[in-house]
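Listed here are the chains, written in short residue letters.
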Amino acid sequence: MVKRKFVSTRLLKNGMRIDQAIVDKSGRAMIEKGAYLDDFQIEYLLEKGVGGIYIQEGSPDEDETELQIPQYTKEVIEKTRVEDRSKVHISESVKKRVGEGIQFLFSNKDSQNFAETTENITDELMKAIFDNDAVAVDIGMLKVSDEYTFKHSVDVATMSMIIGRQYGLTKHEVREIGVAGLLHDLGKSQIPLEVLNKPGKLNDDEFALMKQHSLFGFKILKERDEFSEGIKLGVLQHHEKLNGKGYPMGVSGDKIHKYAKIISVADVYDALVTERPYKSGFPKNEAVEMIMAMTGELDIDAMRSFLATVILYPVDSIVQLSNGEKAKVVANNPENAMRPKVVGLKSGKIYDLAQDISCASIIIQ
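Owing to the predicted nature of the structure, the values given are computational and were not obtained by experimental measurement.

When helices and strands are counted, the protein chain shows 13 helices and nine strands. Its C-alpha atoms give the protein chain a radius of gyration of 22 Å, within 12% of the compact-globule value 21 Å for 365 residues. Counting only C-alpha atoms and orienting by the principal axes, one finds that the protein chain spans roughly 65 × 45 × 40 Å. Relative to its full complement of 365 residues, the protein chain shows a buried share of 52%. When the accessible area of the protein chain is evaluated, it comes to approximately 17,400 Å², of which 49% is carbon and sulfur surface.

Examined against the element boundaries, G52 turns out to sit in strand 5 (residues 52-58). As a C-alpha pair, G52 and V7 span 45 residues in sequence and 5.4 Å in three-dimensional space. Once residues within four sequence positions are removed from consideration, G52 is found in contact with F6, V7, S8 and T9.

Turning next to helix 12 (residues 284-292). Three or more residues of helix 12 are buried, namely A287, V288 and I291. Along the axis of helix 12, the buried residues cluster in a sector spanning 100 degrees; they form a single face. Its buried side turned inward, helix 12 meets helix 11 (258-273) and helix 13 (300-307).

Below, the discussion takes up empty space enclosed by the protein. Tallied over the entire structure, the rule returns two cavities of 30 Å³ or more. Quantified by volume, the second largest cavity comes out at close to 60 Å³. Lining the second largest cavity are Q237, E240, K241, L242, I256, A260, K261, S264, E297, L298 and D299. Examining the composition of the lining of the second largest cavity, we find that three residues originate from one element, helix 11, more than from any other. Partitioned by chemical class, the residues of the lining of the second largest cavity number four nonpolar, two polar and five charged.

This part covers helix 2 (residues 71-80). What helix 2 keeps buried is the set T73, V76, I77 and T80. Projected down its long axis, helix 2 shows its buried positions confined to an angular sector of 100 degrees, all on one face. Helix 2 presents Q71, E78 and K79 as exposed residues on the side facing more than 90 degrees away from its buried surface.

Moving on, we get to the sheet that holds strand 9 (residues 350-352). Here we have four strands laid out as an open sheet, ordered 6-7-8-9, and antiparallel in their pairing. Taken across any chain shown, the strands that pair with only one partner, and hence form the sheet edges, are strand 6 (318-320) and strand 9. Taken pair by pair, the neighbouring strands of this sheet meet at an average axis angle of 40 degrees, ignoring direction. Relative to strand 8 (residues 341-344), helix 2 is tilted by about 170 degrees, and along the sheet it contacts strand 7 (326-331), strand 8 and strand 9.

Turning our eyes to something else, we now look at the confidence of the model for the protein chain. In this model, the protein chain carries an average pLDDT of 87, and 91% of its residues clear a pLDDT of 70 or more. Averaged pLDDT values for the elements of the protein chain fall to 73 in strand 4 (residues 29-31) and rise to 98 in helix 10 (residues 229-237). With pLDDT under 50 throughout, residues 61-66 is counted as low confidence; its partners more than four residues away or in other chains account for 12 contacts.

Among the structural elements, S214 can be located in helix 9 (residues 213-222). Given the relative accessible area of 0%, S214 is considered buried. Spatially, the C-alpha atoms of S214 and K96 are 26 Å apart, while their sequence positions differ by 118 residues.

Here we come to the packing of helix 3 (residues 92-107) against helix 4 (residues 114-131). Two numbers describe how helix 3 lies on helix 4: the axes approach to 10 Å, and their chain directions differ by 150 degrees. Relative to helix 4, helix 3 is oriented roughly antiparallel. Both helix 3 and helix 4 take part in a crossing whose hand is left-handed. Contacts between helix 3 and helix 4 pair V94, R97, V98, G101, I102, F104 and L105 from the former with F114, T117, T118, I121 and E124 from the latter. Its residues assigned to classes, the contact of helix 3 with helix 4 shows seven nonpolar, three polar and two charged.

Here we come to the packing of aromatic side chains. With the rule as written, the count across this model stands at three aromatic pairs. Centroid distance F6 to Y54: 5.3 Å. Interplanar angle 70 degrees. Geometry classified as edge-to-face. Highlighted residues: F6 in strand 1 (residues 2-8) and Y54 in strand 5, separated in sequence by 48 residues. Positioned above the aromatic ring of Y54, the side-chain terminus of R4 is 3.9 Å from the ring centre. The ring of F130 carries the charged tip of K171 above its face, separated from the ring centre by 4.7 Å.

Attention now moves to the pattern of salt bridges. Scanning the entire structure with this criterion turns up 14 salt bridges. Here R81 ties to D316 by a salt bridge, and the two come within 2.7 Å at their closest N and O atoms. Here the residue R81 occupies a position in the loop between helix 2 and helix 3, and D316 occupies one in the loop between helix 13 and strand 6, the gap between them amounting to 235 residues. Between E119 and R175 there is a salt bridge, and its shortest N-O distance comes to 2.3 Å. Of the two residues, E119 is situated in helix 4 and R175 in helix 6 (residues 171-183); the sequence distance between them amounts to 56 residues. Owing to a relative accessible area of 24%, R175 belongs among the partly exposed residues under this scheme.

Conventions adopted
Residues numbered from 1 in each chain as written. Predicted model: local features only at pLDDT ≥ 70, side-chain atom pairs only at ≥ 80, totals over all residues. Heavy atoms only, no water. Helix = DSSP H or I, 4+ residues; strand = E, 2+ residues; numbered from the N terminus. Rg over C-alpha atoms; globule rule 2.2 N^0.38 Å. Buried < 20%, exposed > 50% of the residue type's maximum accessible area, 1.4 Å probe, protein only. Areas by Shrake-Rupley, 256 points an atom, 1.4 Å probe, with all protein chains shown as cover. Contact = heavy atoms within 4.5 Å. Arc of directions from axis to C-beta. 1 Å grid on protein atoms, 1.4 Å probe; cavity = no way out; pocket = protein on both sides within 12 Å on 5 of 7 lines; lining within 4 Å. Points joined across faces, edges and corners; volume = space filled by probe spheres on them. Nonpolar A, V, L, I, M, F, W, Y, C, P; charged D, E, K, R; others polar. Pairing = 2+ DSSP bridges. Axes fitted to C-alpha atoms, helices over the stretch in contact; angles between N-to-C directions. pLDDT = per-residue confidence, 0-100. Parallel < 35°, antiparallel > 145°, perpendicular 65-115°, else oblique. Left-handed = near helix turned anticlockwise from the far one by under 90°. Phe/Tyr/Trp six-rings, centres within 6.5 Å; stacked < 30°, edge-to-face > 60°. Lys NZ or Arg CZ within 6 Å of the ring centre and 35° of its normal. Salt bridge = Lys/Arg side-chain N within 4 Å of Asp/Glu carboxyl O.

Shown next, in the form of C-alpha cells:
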C-alpha cells in the first residue's frame, strides 16, 4: 500500500518520489507529480523556500503498475542507466542579480553603466555554464522574473550560449552571443506598453510596429563602441529567416550573422514553451517537433546544436510507450532528444528508440 507522507525539504533524499506537482506562479509544473527527486530538484526546493512536500512511501497496490518494478527490471535499469549531461544551474542569488540587472538595462538604455551591467550579467551566466561544464539547459529552472520580456531575454541568452558551445563557438564568441541574447529584445523598450502587453492578437499596424523592435534595438547599440559588430547584428537579425521571409530587412542565407542564426532558434523555442496571458505554452516535445519542421527558415547547424542540448525526458522519468507499456528513461541520446533509451517497467525490455530498428514504430506518448 502506497502512503502519502509529508517530509521536510531538508530531510528529502535522492530517489524519493514526490506525490504533488511543484508549480510556478503561471501554473507551469517545475517538478511533475510522480517524479523521482534528484539533488538538483531538492536544491531547487530549498532555494525556493519550500518547507516540505508530500512523497509516496510504502509498497504499491496491484493497480499501481508504474511502481511494480520486478527485481530483474531493476537490475536492467541499474546496468543501463546513464546520468544526463551536465545542465546549467543558476542559484537563487545569481537569479536575483541577473533579474535586477536585465530590468536595469531595459529601463536605462542611456546610462553610462549600461555596457558594464551587460558584461556583469553575462559573466554570471558564463560562470554558471563553465563552472560545471554545462552542455544542456532546462529553461524551466531559470525563471529570473515574472515579467515575460526580462525572463525571455535571460532564457534566450543562456540557451544561445549553450547552443553556441555545441555549435563550436570559441569562449569569446560564447560570451558575445550571451550579450547579444540578453539584448536581442532591447528594442521592445521603444514599443508602447499597450501594444507590447496586449492580451490578444495584434492588428496589422501594431504588428508592423512590433516587427521593428530588432531595428530599434540595433539603433540603440549602433553608436556604442563597447559592443562588437557581431553583437549588433545578432540583435538586428534574430528574426531574419534563411529563405528571406524574415524581418526587418528580409536578408537570407549567408547574409545572416551566425549569432543571429543561433539566437533565432533559442528565441523561437522559448517563445513556444512559455505561457503567456493570451496563449498556453506548448509541451517541450511538441515545441521541438515544430522547430524541426522549420528547416527552410532556421539554420540547420544551429538547429542540430540546439537539438543536441535539449533534454526532453530526464533520466529516471516514467513515460508511456505507444505499445501500451510504461517505461523508465535510462539514457538520453544527444543526437535525438525525442527518442531516448528506456526500459519497460514490467517486461524489463530495453527499448533503444533511436538505434534499434525494431523500435521504429514505438513512440513516447
